Amino acid sequence: MEAPIRATEFLRFTLLSLLFFVCRSSPSQDLLISNAERRIDLTSHIVKVYLTLKVENAGSTPTSEILLAFPPTQVDHLATVEALVTKGKRKKTTLARLDVKPTELPDAPNGTKYFTIYLSNPLNSGESTTLEVLYLFTHSLEPFPAEIGQSESQLVYYRDSALILSPYHIKQQTTFLKTPSTKVESFTSVEPTNRAGTEMKYGPYEDRPPYSFSPILIHFENNSPFPVVEELVREVEISHWGNLQVTEQYTLVHGGARHKGVFSRVDYQSRPNLNGVSSLRYLLARLPPRVHSVYYRDEIGNISSSHLRTDSRKSELEIEPRYPLFGGWKATFVIGYGLPLQDFLFESSDDRRYLNFTFGCPLLDTVVDKLTVKVVLPEGSKDPSAVVPFTVEQHLETKYSYLDVVGRTVVVMEKKNLVPVHNSPFQVYYTFKPIFMLAEPLMLASAFFLFFVACLAYLHIDLSIRK
Amino acid sequence: MAAPESSAAAVPTLYTNNALRNAFGGVLAFFILLLIGVMAFSIRLFSVIKYESVIHEFDPYFNYRVTQFLAKNGIYEFWNWFDDRTWYPLGRVIGGTVYPGLTLTAGTIWWLLNSLNIPLSVETVCVFTAPIFSAFASWATYLLTKEVKGTGAGLTAAALLAMVPSYISRSVAGSYDNEAVAIFALIFTFYLYIKTLNTGSLFYATLNSIAYFYMVCSWGGYTFIINLIPMHVLLCIVTGRFSSRLYIAYAPLVVLGTLLAALVPVVGFNAVMTSEHFASFLVFIILHVVAFVYYIKGILTPKMFKVAVTLVVSVGLAVCCAVIAVLVALVASSPTKGWSGRSLSLLDPTYASKYIPIIASVSEHQPPTWPSYFMDINVLAFLVPAGIIACFSPLSDASSFVVLYIATSVYFSGVMVRLMLVFAPAACITSGIALSQAFDVFTRSIKFQLPGIASNTEVDAAETSSSTAEAQNDVEKSEETSKNRPSKKSKKKEKEEKPLPKAKAEKKRLLALPLDSSVISLLLLILLGALYVVHCVWAAAEAYSAPSIVLTSRSHDGLHVFDDFREAYAWLRHNTDVDDKVASWWDYGYQTTAMANRTVIVDNNTWNNTHIATVGTAMSSPEKAAWEIFHSLDVKYVLVVFGGLVGYPSDDINKFLWMVRIGGGVFPHIKEPDYLRDGQYRIDSQATPTMLNCLMYKLSYYRFVETDGKAFDRVRQTEIGKKYFKLTHFEEVFTTHHWMVRIYKLKPPKNRIRGKTKKPKTKTSTTSSRAKRSGTGKKNPWH
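Per chain, residues are indexed from 1 in the order of the written sequence. Working convention: letters from A go to chains and numbers from 1 go to ligands, in the order in which they are written. With the structure being a predicted model, the display of local features is reserved for residues of pLDDT at least 70 and the display and counting of side-chain atom pairs for 80 or more, all residues being used for whole-chain, interface and lining totals. Calculation of side-chain values draws on the structure's entire complement of heavy atoms; hydrogens and water are dropped beforehand.

**Looking at the overall build of chain A**
Okay, so step 1: A count of helical and extended segments in chain A gives 4 helices and 31 strands.
Okay, so step 2: Seen through its principal axes, chain A has C-alpha atoms that stretch 110 × 65 × 45 Å.
Okay, so step 3: Counting the 467 residues in chain A, one finds 49% classified as buried.
Okay, so step 4: Across chain A, the fraction of contacts at a sequence separation of at least 24, relative to all contacts at a separation of at least 6, is 75%.
Okay, so step 5: Accessible surface computed for chain A: about 22,500 Å², of which carbon and sulfur atoms make up 55%.
Okay, so step 6: None of His or the chain ends enter the tally, which takes Lys and Arg as positive and Asp and Glu as negative. Working definition for charges: the position is that of NZ of Lys, CZ of Arg, CG of Asp or CD of Glu. Across chain A, the 48 positively charged side chains and the 50 negatively charged ones have centroids separated by 3 Å. Labels follow the DSSP assignment, with helices taken as runs of H or I lasting at least four residues and strands as runs of E lasting at least two, numbered in each case from the N terminus. Residue exposure (1.4 Å probe, protein chains only): buried if accessible area is under 20% of the type maximum, exposed if over 50%, otherwise partly exposed. Two residues form a contact once any of their heavy atoms are found within 4.5 Å. Areas reported here follow the Shrake-Rupley algorithm with a probe of radius 1.4 Å; residue values treat only the protein chains shown as occluding.

Right, dumping it as structure tokens:
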């Protein structure tokens, strides 16, 4: 099976790269990359790529935009791209974050997708700068064999190119790959290729023209579980009486090689190192400090296997699913907790209030396919607006909770394909008059008052027809 | 209160004093009742506090699932619901076979709360329905006992019922079963019957039929009402207590009640067709005959009346004989004499074990043991006789009803453990009467003999006792009843008593007991009550709060939780195909459909004996035969419950003999003696080969020997008989953490290609199978 696939792909990509040679596009004219180093971390199921580029402006006009290119198969799995630039000289270097935005180019060869890095200072001709780029791929390790038994270990494919896909000419480049163990079944060799321990080195390659591509396929052992949250709905409810209630609904799946055949508890319990090594036994959720009333349950009741450890800086919730998750097995559950409001709600200078909370999934090392964050504002709040550090889909909803009359405004934010990098703070601004806090107590009080008045009236009025 | 009102007109100052006392007593009684309600609710929350807010046991899961459906799809969809997730491939018409009272109640509560924007989940509402209704039930008990013996007895009975362990066992938070609302409906129907009987008001008679309708909606135990009330009516007629009030109390109930009962789909025409309802119609006829006779007696002269009686009796007897003969012939033509199996097993306790093993196999249908009486009603067992005596002094219509109620329910509780629940309210009512009468006597004796109060007049003492609503003595009671109901008998009494107020006082003084003995008795009574409270709290906290789907055990290293059932159900829910069929013994049917959302073959609604017998047969057959049965039923997974590793006694191996019996009842090739060695059920090395080769044994003990090397079963306290074996037609797909639930998958059928054999594993087996195949091939060329 393996060889023909590799052969055809190789053929296809070489053809493509030949095609790219022919139709060179315009942006590569001015810039060139003098040195590129790429480190790909394959130890978990999230593929992390650290790219160090030394960019040189060989053209005549200053430019402030640098393009990154991705093949279309990778861009679907791309979770995030970050770029940093090193500033200062020698020892006093600092890193500054740069804007990265997806870009469409009219003459992109064969569906190549681009991201543009906007430099803070334009790069004059002849100058050079060093960029640190980090990007993460999810769902990029393909289990092969796709189904494994309980005692087998999990082997995966990783596909990439030995050469960095770039619209620019690259003078020198090296790629390092780090595998979780020394067990590597096979890998494509593009000379010079070295393998030592858990690390593989492709390169250095000299003077590669733009859009060079040389597909590689690595087949290696990765026994870390692949926790994938297919859908996560986080609901953050603000109560101005001093509590922030968070409810998170998870649909968890083990995204690794599918489990096949027998599940034997006796093997699983007696030989845990050999059996179900890639199974998902527990998960760790990092919650904010001062968390209280934590619960962990699913649709049929409480799940008793969880531990909460709290200290002054963070809280850790260790949860076990009801059963160990093997590849392809699913589980759903709900985590809920309360937080003191003063840690998260602040007043801004323009007399508005804002909630400062973390976006993303509190579970460590998980991929979230679809995340919906709902911020339920208190009844009577107006003009909600959300500030999120990345693009999300937003809309408003109305929710009716305990004794609501007009309903609560809910700010709904949706995002797909999230990784732990996305656990960054976001803000929701709104205006709220404290008098609304008294609405429900007053309503209840008046209802009871009316009830008692009705009782009094009933007792004092004679309703009988006969005297 | 009749007495103070009559005196009010005469002395205005006394009136204000009394009114104040009355008001104070009323408020006090109101708050006591409120607190009783709170107590009834909160004593049932132990399960939520100690475990979690979850639905308990087996049947409640079905009710919960039905309620979810109702909440989601609305009432019309509910009536027409055909459930294809159960009794595969037959299915079940839920709307027409379920008592809808409970689900409709909880559904209405849920709907009401949600329309008020109180977003409670259906589960929460279901969990707390039973405690809420037990508060209602204790209030209904108050009303009923108050009608019988006054406020004091009512409050005592309500307090006793609020915490009677027998009722707690069926109504803890999470025990979402029919009985939870049915006991309230039962007591309330009885209350309205007594109220109608005491007042003769058609308003209450109508309410009574509606309450009866609610009871019919809620529980099959409504037949108890429709038989007990006719019995009481008959008793009243026989003892010469016929009155128009009795007629109003009974006739509308039968007519309206039967019409309303026929509206409930599960009852339908059974309300007029089955023998359970026959007594009510017979008594209805008798009541009319008696009423007619009384009427004729009123308009005719005694001489004419005698003539008429002889005429009617001779003609009527002939007609009656003919009608009865026809009826008897009709009834006798049906095999069960028109009775349902459960009712028959009530009348003849040995019936079920002889003919219907499926009813006998349920543990709650077994007769109770003596300790279970002490466990379930505790000190009430001693107070009940005293209460019955108190009911006889004096015997009114209402108190005769209580006596009849307790007499019948004692019998029923002796037949089935489950019906202890019907007995418990009766025990509480009579004990309440006994306690309050005893308190009354003792406190009055003390009051008379204490030096400070001795100077007071007796009249004042009598007033205090009535107005503080603590208790009422029998003399007052008769006065009150005479005011309320101008019946012949009490009128006579009134005449006797009115001219003798002095004699009354004298009598009272004579009734007084010595001071020290009454104080000691009072203390002892309080001690008895305290013992009862302690026992009830213990029972609620320890004995009856476990939800049975999650088990806990305390060991030296802390609390250990066994959550295996939900582990298995959650696994089934998420990791099997949505239309897969799961076979298990019927006990786990409701839970599998509700928690795992998978189709089951049989469930706890044991309506089809053959289907259950099929599963029983499969479980007691050898592997290949079992595979064929399951395969023909489209079963993909088989679930067994196994307690041998952790010592969980109610597992499938312990229930296995019932599977054999029920299976053998329909399929005679399964014979119980094959599974017993010298009449003993055993699974060790002495067990029979049939036992050691049946599917249940294999699925339970598959690879069990690898856990400890010896295969020691902790439930049976023995090493198992056959330790090393392989499964050929099933494969293990899931076993829970403590091995309590094991799920197996049926292996797919082998390809049957003629001339080709499967890949041989060992040469000897292939040759033998080939030889066999060729042997059968000659007989049947298509096989």
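Having put the structure on the table, let's press on.
**Here we look at the sheet that holds strand E7 (residues 635–641) of chain B**
Residue and element names in this part refer to chain B.
Okay, so step 1: DSSP bridges decide pairing: two strands pair if at least two such bridges lie between them. One open sheet holds the 5 strands; their spatial order is E6-E5-E7-E13-E12, and the pairing between them is mixed. Each of the sheet's edge strands pairs with one partner strand only, and the pair in question is strand E6 (599–600) and strand E12 (730–735).
Okay, so step 2: Alignment of E12 against strand E13 (residues 741–746), held across 5 bridges, turns out to be antiparallel. Across the sheet, residue glutamate 732 finds its bridge partner in E13, namely tyrosine 744.
Okay, so step 3: Contacting strand E5 (581–583), E7, E12 and E13, helix H31 (residues 564–575) crosses the sheet at an angle of about 25° to E13. Lines fitted to C-alpha atoms define the axes, with helix axes restricted to the stretch in contact, and inter-axis angles between N-to-C directions lie between 0 and 180 degrees.

**A word on the pattern of salt bridges**
Okay, so step 1: Salt bridges, as used here, are contacts in which a Lys or Arg side-chain nitrogen is within 4 Å of a carboxyl oxygen on Asp or Glu. Going through the model one piece at a time under the given rule, you end up with 46 salt bridges over all chains.
Okay, so step 2: Between A:Lys399 and A:Glu237 there is a salt bridge whose closest N-O contact spans 3.5 Å. Of this pair, A:Lys399 sits in strand E29 (residues 393–399) while A:Glu237 is found in strand E16 (residues 227–239), placing the two residues 162 residues apart along the sequence.
Okay, so step 3: Its relative accessible area of 22% is what places A:Lys399 among the partly exposed residues.
Okay, so step 4: Given a relative accessible area of 17%, A:Glu237 falls into the buried group.
Okay, so step 5: A:Arg265 is the partner of B:Glu567 in a salt bridge, and the nearest nitrogen-oxygen pair spans 2.7 Å. Note that B:Glu567 is positioned in helix H31 and A:Arg265 in helix H3 (residues 265–270), a pairing that runs across two chains.
Okay, so step 6: Residue classification places A:Arg265 among the buried residues on the basis of a relative accessible area of 2%.

**Things to note about unusual backbone geometry**
Residues and elements named next belong to chain B.
Okay, so step 1: In this model, tyrosine 88 is joined to proline 89 through a cis peptide bond whose omega is 0°.
Okay, so step 2: Among the structural elements, proline 89 can be located in the loop between strand E1 (82–83) and strand E2 (92–93).
Okay, so step 3: With omega at -5°, the peptide bond leading from serine 393 into proline 394 counts as cis.
Okay, so step 4: Mapped onto the fold, proline 394 is located in the loop between helix H22 (380–391) and helix H23 (397–415).
Okay, so step 5: Of note in the backbone geometry, serine 548 takes a positive phi value of approximately 70° without being a glycine.
Okay, so step 6: Positionally, serine 548 belongs in the loop between helix H30 (515–543) and strand E3 (551–555).
Okay, so step 7: Backbone geometry places glutamine 717, a non-glycine residue, at a positive phi of 55°.
Okay, so step 8: Structurally, glutamine 717 is set in the loop between strand E10 (712–713) and strand E11 (718–719).

**A short note on the packing of aromatic side chains**
Each aromatic ring pair is specified by the distance between its two centres and by the angle formed by the two planes.
Okay, so step 1: We call Phe, Tyr and Trp rings a pair once their centres come within 6.5 Å, taking the six-membered ring for Trp, and we label the pair stacked below 30 degrees between planes, edge-to-face above 60, and tilted otherwise. Following the criterion strictly, the structure yields 65 aromatic pairs over all chains and no others.
Okay, so step 2: Between B:Tyr193 and B:Phe401, the ring centres sit 5.3 Å apart and the planes meet at 50°, which makes this aromatic pair tilted. With a gap of 208 residues between them, B:Tyr193 in helix H11 (residues 178–199) and B:Phe401 in helix H23 connect regions that are remote in the sequence. Across the pair, B:Phe401 and B:Tyr193 agree in class, each one buried.
Okay, so step 3: On the numbers, 6.4 Å between centres and 45° between planes, the contact of B:Trp585 with B:Trp586 is tilted. We note that B:Trp585, like B:Trp586, is buried.
Okay, so step 4: Pairwise contacts between aromatic rings join A:Phe263, A:Tyr268, A:Tyr323, A:Phe326, A:Trp329, B:Trp571, B:Tyr637 and B:Phe734 into one cluster.
Okay, so step 5: Across the ring face of A:Phe176, the terminal group of A:Arg39 is positioned such that the distance to the ring centre comes to 4.2 Å. Note on criteria: charge over ring means Lys NZ or Arg CZ within 6 Å of the ring centre, with the direction from the centre no more than 35 degrees off the ring normal.

**So, the interface of chain A and chain B**
Okay, so step 1: Facing 27 residues of chain A, the contacting portion of chain B comprises 31 residues.
Okay, so step 2: Both faces combined, the contact of chain A with chain B buries some 2,500 Å², and carbon together with sulfur accounts for 51% of it.
Okay, so step 3: Take the accessible area each of two parts loses on contact, using a 1.4 Å probe, and add the two losses: that sum is the buried area. It is A:Arg265, A:Val266 and A:Ile300 in chain A that bury the most area against chain B; as a group they hold 25% of the surface buried on that side.
Okay, so step 4: Here chain A and chain B share 5 salt bridges between them.
Okay, so step 5: A:Glu299 is the salt-bridge partner of B:Arg573, the closest N and O atoms lying 3.2 Å from each other.
Okay, so step 6: Distance and chemistry together define a polar contact, namely a pair of N or O atoms within 3.5 Å, with one atom able to donate a hydrogen and the other to accept it when in protein, and with adjacent residues in sequence counting only for side-chain atoms on both sides. For the interface between chain A and chain B, the tally reads 20 residue pairs in polar contact (both at pLDDT 80 or more).
Okay, so step 7: When residues of the side of chain A that touches chain B are traced back to their parent elements, those giving at least two are H3, strand E20 (292–298), strand E21 (301–302) and strand E24 (330–340) of chain A.
Okay, so step 8: Examining the composition of the side of chain A that touches chain B, we find that 4 residues originate from one element, H3(A), more than from any other.
Okay, so step 9: Basically, the charged four are Asp, Glu, Lys and Arg, the nonpolar ten are Ala, Val, Leu, Ile, Met, Phe, Trp, Tyr, Cys and Pro, and anything else, Gly included, counts as polar. A breakdown of the residues in the side of chain A that touches chain B according to their chemical character gives 10 nonpolar, 9 polar and 8 charged.

**Section: the nonpolar core**
Okay, so step 1: In this text, buried Ala, Val, Leu, Ile, Met, Phe, Trp, Tyr and Cys residues form a nonpolar core when linked through side-chain atoms within 4.5 Å. A:Phe359, A:Val375, A:Met413, B:Phe190, B:Phe630, B:Phe730 and B:Ile743 are the most contacted members of the largest nonpolar core, which has 244 residues in total.
Okay, so step 2: Excluding anything up to four places from it in sequence, B:Phe630 contacts B:Ala583, B:Ala618, B:Met619, B:Val635, B:Val638, B:Leu695, B:Phe730 and B:Leu746.
Okay, so step 3: Counting 52 residues, the second-largest nonpolar core is a separate cluster that includes A:Leu98, A:Phe137, A:Tyr158 and A:Met200.

**Digging into the sheet that holds E16(A)**
All names here are of chain A.
Okay, so step 1: The strand order E21-E20-E24-E17-E16-E27-E30-E29 describes an open sheet built from 8 strands, whose pairing is mixed. A single partner strand is all that each edge strand has here, and the edge strands are E21 and E29.
Okay, so step 2: As paired strands, E16 and strand E17 (residues 243–254) are joined by 12 bridges and run antiparallel to one another. Counterpart to valine 233 in the pairing with E17 is glutamine 249.

**With respect to the environment of B:Trp87**
All names here are of chain B.
Okay, so step 1: Mapped onto the elements of the fold, tryptophan 87 is located in the loop between E1 and E2.
Okay, so step 2: Judged by its relative accessible area of 0%, tryptophan 87 falls in the buried class.
Okay, so step 3: Along the chain, tryptophan 87 and valine 602 lie 515 residues apart, while their C-alpha atoms are 4.9 Å from each other.
Okay, so step 4: In this structure tryptophan 87 touches Arg92, Val600, Ile601, Val602, Asp603, Asn605, Thr606, Trp607, Asn608, His611 and Ile612, once residues within four positions along its chain are discounted.
Okay, so step 5: Among the polar contacts listed, one links the side chain of tryptophan 87 to the side chain of aspartate 603, at a separation of 3.0 Å.

**Here's the deal with the confidence of the model for chain B**
Caution applies to low-pLDDT regions: their predicted coordinates should not be interpreted in detail.
All names here are of chain B.
Okay, so step 1: Each residue carries a pLDDT score, the predictor's confidence in it, ranging from 0 to 100. Chain-level statistics for chain B give a pLDDT mean of 83 and a share of 85% at 70 or above.
Okay, so step 2: With pLDDT under 50 throughout, residues 1–11 is counted as low confidence; its partners more than four residues away or in other chains account for 11 contacts.
Okay, so step 3: Confidence drops under a pLDDT of 50 for residues 760–783, and excluding neighbours within four residues, the segment shows 6 contacts in the predicted structure.
Okay, so step 4: Here the predicted complex carries an ipTM of 0.87, next to a pTM of 0.85.

**Some words on the confidence of the model for chain A**
Residue and element names in this part refer to chain A.
Okay, so step 1: Looking at chain A as a whole, its pLDDT mean stands at 85, while 93% of the residues score no less than 70.
Okay, so step 2: Long-range and interchain partners of residues 1–5, a stretch whose pLDDT sits below 50, account for 5 contacts in this model, where long-range means more than four residues apart.
Okay, so step 3: Contacts for the low-pLDDT stretch residues 14–25, under 50 throughout, to residues beyond four places or in other chains number 14 contacts.

**Here we look at helix H32 (residues 589–596) of chain B**
All names here are of chain B.
Okay, so step 1: When you tally the buried positions in H32, you get 8 out of 8 residues, the bulk of the element.
Okay, so step 2: Where H32 is concerned, the buried positions are Gly589, Tyr590, Gln591, Thr592, Thr593, Ala594, Met595 and Ala596.
Okay, so step 3: Buried residues along H32 sit against helix H4 (59–73), E2, H31, E5 and E6.

**Points about the pairing of strand E4 (residues 78–87) of chain A**
All names here are of chain A.
Okay, so step 1: Most of E4 sits out of view: 7 of its 10 residues are buried.
Okay, so step 2: Strand direction decides the pairing type here: E4 and strand E7 (residues 128–137), joined by 7 bridges, are antiparallel. The residue of E7 that forms the bridge with valine 85 is leucine 131.
Okay, so step 3: Of the strand pairs in this sheet, E4 and strand E5 (residues 94–103) are connected by 5 bridges, and their pairing is antiparallel. Note that in E5 the partner of lysine 87 across the bridge is threonine 94.

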